[in-house]
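# Tertiary structure, described
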Amino acid sequence: RNSGYATFAGAVVPRNNGSIIGIYTVFGNTKQIFIRDTTDVIFTNKRCGEREGNQISIRELRDNYENGINVIPAGTYLKGVVISDYTQGNIQNQNIVVQDGDAGIVCRFGSVPNTPLGTEVRVNLTGLSMSEFNGLLQVSNIPLGNLVIIGPGTLPQPKVLKINQLESNAHESTLIKIVDAEFKGGTTYGTQGVTIEDNSGSV
């Protein structure tokens, strides 16, 4: 039983496996465990059914797609850090963008994952497929149960690029930094058709 007024009500529920201490209570016919504090919840082991498997890098996933392999083998998972921020409302709420090294990919879930920026995650990809949505590569229809929160991760450093270097999709779904840039075409972020320009081009 968790109160919406608890000091830890906004904390992310762990998705790993472990032990939990709580006070066993009953309310009517409902059996409950009353959590005292999140330090009593020690879920540091891998989830049941996910203790075996083959990790695949996001770079290898993307290379496979380029080579015509879009169905992901059984037992495969990726690990990476969430570089998108759902709290700002500027990304489709069923999507997270995960980066591993210098490669990233959009993971689209069947329901809203609400996974914070900077979280290290493990995503079970067994039997799923990759496809492009309006040209953007993503892994689609991921069950929310396939997402395991590992804990706070380390955000990758943005790649410093010129705009004309963005023509390569090697940088797709990764953090980038454009220096000496200017906005053109609007006075607010919500204005349609705003571009960013540097001395090499616009985007």
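Just above, that's the structure.
Here's a quick rundown of the structure. (Residues numbered from 1 in each chain as written. Predicted model: local features only at pLDDT ≥ 70, side-chain atom pairs only at ≥ 80, totals over all residues. Heavy atoms only, no water.)

### Description of the overall build of the chain
Counting its regular elements, the chain contains 1 helix and 17 strands. Considered along the principal axes of its C-alpha atoms, the chain spans approximately 65 × 45 × 25 Å. Each of the 203 residues in the chain was classed as buried or not, and the buried ones make up 30%. Summarising the internal contacts of the chain: among those between residues at least 6 apart in sequence, 60% fall at separations of at least 24. Seen as two clouds, the 16 positive and the 18 negative side-chain charges of the chain have centres 11 Å apart. (Helix = DSSP H or I, 4+ residues; strand = E, 2+ residues; numbered from the N terminus. Buried < 20%, exposed > 50% of the residue type's maximum accessible area, 1.4 Å probe, protein only. Contact = heavy atoms within 4.5 Å. Lys, Arg positive; Asp, Glu negative; His and termini not counted. Charge placed at Lys NZ, Arg CZ, Asp CG, Glu CD.)

### Quick notes on the packing of aromatic side chains
Within this structure, the stated rule accounts for 1 aromatic pair. Relative to Tyr-189, the ring of Phe-183 has its centre 5.9 Å away and its plane inclined at 90°; by these criteria the two rings are edge-to-face. With a relative accessible area of 52%, Phe-183 lands in the exposed category. Residue classification places Tyr-189 among the exposed residues on the basis of a relative accessible area of 78%. (Phe/Tyr/Trp six-rings, centres within 6.5 Å; stacked < 30°, edge-to-face > 60°.)

### Let's talk about the nonpolar core
Core analysis: the largest hydrophobic core is formed by 22 residues, its most contacted members being Leu-78, Ile-105, Cys-107, Val-123, Leu-125 and Val-139. Of all the secondary structure elements, the ones that give two or more residues to this core are helix H1 (58–66), strand S6 (76–82), strand S7 (95–100), strand S8 (103–109), strand S9 (119–124), strand S11 (136–142) and strand S12 (147–152). Ignoring any residue separated from it by four or fewer positions in sequence, one finds Val-123 in contact with Thr-76, Tyr-77, Leu-78, Phe-109, Ile-142, Asn-146 and Leu-147. (Core = buried A, V, L, I, M, F, W, Y, C linked by side-chain atoms within 4.5 Å.)

### Considering the sheet that holds strand S17 (residues 201–202)
Taken in spatial order, the 3 strands make up an open sheet running S15-S16-S17, and their pairing is antiparallel. One side of each edge strand has no neighbouring strand; the edge strands of this open sheet are strand S15 (182–184) and S17. Pairing analysis gives 2 bridges linking strand S16 (residues 195–198) to S17, with the strands arranged antiparallel. Paired with Asp-198 across the bridge in S17 is Gly-201. (Pairing = 2+ DSSP bridges.)

### Describing unusual backbone geometry
Phi is positive for Asn-141, close to 55°, though the residue is something other than glycine. Take Asn-141: it is sitting in strand S11. Non-glycine residue Ser-173 carries a positive phi angle of around 60°. On the basis of relative accessible area, Ser-173 is assigned to the buried category, the value being 14%.

### As for the pattern of salt bridges
If the charged atoms of two oppositely charged side chains come close together, the side chains can form a pair. For the structure shown, the criterion picks out 5 salt bridges. The salt bridge involving Lys-184 is made with Glu-182; its shortest N-O contact spans 3.7 Å. The class for Lys-184 is partly exposed, based on a relative accessible area of 36%. Note on Glu-182: relative accessible area 47%, which makes it partly exposed. A salt bridge links Lys-184 to Glu-197; the shortest N-O distance between them is 3.2 Å. (Salt bridge = Lys/Arg side-chain N within 4 Å of Asp/Glu carboxyl O.)

### Let's talk about the environment of Asn-64
Note that Asn-64 resides in helix H1. Sequence-wise, Asn-64 and Met-130 are 66 residues apart; in three dimensions their C-alpha atoms are separated by 9.6 Å.

### Observations regarding H1
Taken as a whole, H1 has its buried residues at Ile-58, Leu-61 and Arg-62. With its buried residues spanning 95° around the axis, H1 presents them on a single face. As for H1, its buried residues are in contact with S6, S7, S8, strand S10 (130–133) and S11. One or two positions beyond H1, positive phi appears at Gly-68, with a value near 85°. (Arc of directions from axis to C-beta.)

### What about the environment of Thr-154?
Mapped onto the fold, Thr-154 is located in the loop between S12 and strand S13 (159–161). Along the chain, Thr-154 and Ile-56 lie 98 residues apart, while their C-alpha atoms are 19 Å from each other.

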